[in-house]
Amino acid sequence: MSEPHNPSRRVFLRGAVATSAVIAVGAPAGAALAAPAAAAPDAAAAAAPGVAAAPGGFPDYRYVKTLLTPSQLAYNPTGEIIFPCIRGASGRLANPLGRYYLYYAPHDAPGGICLAYGDSIEGPFTEYPHNPIVSNNWQPHYSVSHVSSPHVLWNESAKEMWLYFHGENTTTRLARSKDGVTFTYDKVVLSTSMLPAGTTETSYARVFAHELPAKKAHFVMVYMLNNTTNHRDIGWGWSPDGRQWTFDQRPLISHTDVGAVNIGGPHLLTRGGSAYVVYNKDKESGGDLMITEVGNDFTRRDHLGPFYNSSAGAPDNGRSAAPSFGTQDGVPYMVYESGERLKGSIAVARG
C-alpha cells in the first residue's frame, strides 16, 4: 500500500518486454477491452526506457478519475457496486449506445447486473435507464438472493457478448446477447459441486480466449475459490467452446503463496509470449493488486509481486481490486474497484 500522493508507484521493477502483445479491448488473448479500431502497436503497451514499470514490463498505471459512484446512480439498492468490466462495442454491435460498455453490479442482495455506456474509457459514462439488465430472479432458470460479478467476453465466432456472472456465490452462470443489453440465459458453467468436497464458493469468474493445445481448449477461466478454511484462492479451468468446462482441482494461486488472508478478482493478461494473472489481496493483507506469471500453458507459478499499489488515502483507502483492462487509441487503461470492499467506487487508471 502506498501513500496517496503516488497511488501506483511500484516497489518491484522489471525490464520492459520489447516484443510484448498489446493489451487491447477484445484482443484474442487474455487482455480484453477496446473495439478493434482502438488497438495500438505492440510497443504502445510497454513502458518507456527509464520509466518504472509493473512486473513483466506492463505499464505503470496511475489513477485518473472515478467513473461511477453508487450515490449518483438511479439503480442503487444497496449503496455499493463492484467488479467492473469494460468492453468495446463500436464495430461489433449494431447501433451501440456508445463506443464502450461498462458492466458492473451491486454485490449484496438483490444485486443485479448493470450497464453504463460512453465514448471514452475515461468517461463520462451514462447509466442505462433500465438497470438491472439481469436480476436475481430469472424464471424458469433461477431465483437467488443476488446476482453479481459481471464479466463479458466478446465471442468472435458467435458475434455475441457472453456474460458470466455469479448467484449465489456457489454458482457461475452464462447468458448471451447480440446487442450487449438484452441477454438470453444459457447455462450453469461452474459450481462448487465441480470442485473438491468442502468447496464453499466459486465466484468472481472472468473468461478469456486463450489457446491451450495440450488440453484442446480455446478458452480459460480464472475465478475466486473458497473452502471450509475460509481463505480465498484463485482457481482456473479450460474449455473448448466457453460453455463446457474442466476445472483444475487444485488452486492456481494460493493465498499463502503471496502472504495474504484472501485473494480474488483475477484477470488474465498476455505479453511477450507468456500469460499472467493479476488479482487483489484483501485490505488487511495490503489491499494491492498482485501479479503471477503462469506461462502460456499455465505451468509456471512465478509470483512477481505488486502490480498496482493501492493508495492509503482517497480514492483507494487501502484497497484496489477486480481490475479490467483495455486500450483506447493506443493508450492502455485499467478500470477497477477503488476503495474498501462494499464501500468503494469504480475508477480508471491510465498506463
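Residues numbered from 1 in each chain as written. Predicted model: local features only at pLDDT ≥ 70, side-chain atom pairs only at ≥ 80, totals over all residues. Heavy atoms only, no water.

Caption draft 1: Representation of the overall build of the protein chain within the structure. When helices and strands are counted, the protein chain shows 0 helices and 22 strands. Every one of the 351 residues in the protein chain was classed for burial, and the buried ones make up 62%. Within the protein chain, contacts between residues separated by at least 24 positions form 53% of all contacts whose residues are at least 6 apart in sequence. With an accessible surface of roughly 12,600 Å², the protein chain has 51% of that area assigned to carbon and sulfur atoms. (Helix = DSSP H or I, 4+ residues; strand = E, 2+ residues; numbered from the N terminus. Buried < 20%, exposed > 50% of the residue type's maximum accessible area, 1.4 Å probe, protein only. Contact = heavy atoms within 4.5 Å. Areas by Shrake-Rupley, 256 points an atom, 1.4 Å probe, with all protein chains shown as cover.)

Caption draft 2: The pairing of strand β13 (residues 217-227), seen in detail. Taken across its 11 residues, β13 has 9 buried, putting it largely inside the fold. The pairing of strand β12 (residues 199-212) with β13 spans 9 bridges and is classified as antiparallel. From the neighbouring strand, Glu 201 faces β13, where its bridge partner is Asn 226. Counting the residues in the hairpin turn of β12 and β13 gives 4 residues, including Lys 216, whose phi is positive at 55°. Of the strand pairs in this sheet, β13 and strand β14 (residues 233-239) are connected by 7 bridges, and their pairing is antiparallel. Within β14, the position partnered with Val 220 by the bridge is Trp 238. Between β13 and the antiparallel strand that follows it, β14, lie 5 residues; Asn 230 among them carries a positive phi value of about 60°. (Pairing = 2+ DSSP bridges.)

Caption draft 3: Here's a closer look at the pattern of salt bridges. Tallied over the full model, the rule gives 14 salt bridges. Close ionic contact of Arg 176 with Asp 186 constitutes a salt bridge, the shortest N to O distance being 3.3 Å. In this pair, Arg 176 sits in strand β10 (residues 171-177) while Asp 186 sits in strand β11 (residues 184-191), placing the two residues 10 residues apart along the sequence. Taken together, the salt bridges that share partners define one network made up of Glu 160, Arg 176, Lys 178, Asp 186 and Arg 243. (Salt bridge = Lys/Arg side-chain N within 4 Å of Asp/Glu carboxyl O.)

Keep in mind these values describe shape, not function.
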